[in-house]
Amino acid sequence: MEAYLVAIGIIALIYVLLSLGLTLQYGLTGLINFGHVGFFAIGAYTSALLVMNGAPFIVGFAGAALLAGIAAWPIGLVSLRLRDDYFAIVTLGFSEVVRIVLTSERWLTNGVQGIPGIPRLYSELGGAAGQIATFATILAVTVAAAWLIRRIAGSPFGRIIEAIRDNEEAVQALGKDPPRFKIQVLVVGAALAGIAGAFYAHYITYIVPEQYIPLVTFYVWMAIIMGGVGRVSGAVIGSVILMAFLEGSRFIRDVIPWISEVDMASVRIGLVGLLLILFIIYRPQGLMGDYTKR
């Protein structure tokens, strides 16, 4: 039971990292990024390939963050001058392009067969000790990322990006350059997603393109909506709620055993969608949002 809880905690922290990146992009800046999973995939494959070719873990994780951030930069240049809905479509298309490249470039990614045997963090410790050490490492990185987002939000840079979210035309009238700030935010958020991808790859030890479908992005969106958009605490609480619900729904077959394993996947997605609808109706500002507003 302890090993199971630690495993769930590790996956939950990976989602917290993803949610923090999206909190910076959408919650603070207003960027509707529907392609977050693309940067997650880039980070996972980058770190896996680097470490499997002899690089230290620290180099793998740095490469994951760097390449994910670099991938975000041209997207920003091309699309951040578009309206929000067009930007959302561009980012969604980007994530699908990443998945197609991972599938088709067999010489690098092994295509649909995926990459097995990825080195695990702290494998020398083995068993429960290795899992606990991995959990502690991800927790430390997540705390550092949360601190960074809070520092950004409270800085002059943070006040500018919040102003861009609220009224971009007014920011332009003050002589600022909103696209430049948006690109910087997109790069930082993508780098966090890349680090989350690296942790995921080295924890699961097997990655395949089909793990990086748009549903992952929308799970992250659900987390920040349920927790409270634009709040670091909301990203954390929302991710924990999402993970608890996803894992808890696995036991529904104990109550309704006549549903097959195949149909159960659809039931779980339906229940997650129902949970989101209930939050939007009764708690649109999220659990950690302003309780004086509805």
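Residues numbered from 1 in each chain as written. Predicted model: local features only at pLDDT ≥ 70, side-chain atom pairs only at ≥ 80, totals over all residues. Heavy atoms only, no water.

Asks: Break down the nonpolar core for me, with residues and values.
Replies: Counting 78 residues, the largest nonpolar core has Ile 14, Tyr 15, Leu 20, Phe 39, Phe 40, Ile 207 and Tyr 212 as the members making the most contacts within it. Among the elements that make up this core, the one with the highest residue count is helix α1 (residues 2–28) (16 residues). Not counting chain neighbours up to four residues away, the residues in contact with Phe 39 comprise Asn 33, Ala 68, Ala 71, Ala 72, Ile 75, Phe 94, Ala 190, Ala 193 and Gly 194. (Core = buried A, V, L, I, M, F, W, Y, C linked by side-chain atoms within 4.5 Å. Buried < 20%, exposed > 50% of the residue type's maximum accessible area, 1.4 Å probe, protein only. Helix = DSSP H or I, 4+ residues; strand = E, 2+ residues; numbered from the N terminus. Contact = heavy atoms within 4.5 Å.)

Asks: Can you explain the environment of Ala 163? Please cite residues and give values.
Replies: Relative to the elements of secondary structure, Ala 163 occurs in helix α7 (residues 156–166). Separated by 133 residues in sequence, Ala 163 and Gly 30 have C-alpha atoms that sit 9.7 Å apart. Apart from the residues within four sequence positions on either side, Ala 163 is in contact with Glu 168 and Val 171.

Asks: Please give an account of the pattern of salt bridges that cites residues and values.
Replies: Scanning all chains against the criterion turns up 4 salt bridges. A salt bridge links Asp 166 to Arg 165, with the shortest nitrogen-to-oxygen separation between them at 3.0 Å. For Arg 165, a relative accessible area of 35% corresponds to the partly exposed category. What you see here is one network of salt bridges that share partners, running through Glu 96, Arg 99 and Glu 210. (Salt bridge = Lys/Arg side-chain N within 4 Å of Asp/Glu carboxyl O.)

Asks: Before we move on, can you summarise unusual backbone geometry with the specific residues and values?
Replies: The residue Asn 110 is not glycine, and still its phi comes out positive at about 65 degrees. Positionally, Asn 110 belongs in the loop between α5 (106–109) and α6 (127–154). A positive phi angle, near 55 degrees, is found at Tyr 122, a position not held by glycine. Within the element layout of this structure, Tyr 122 appears in the loop between α5 and α6.

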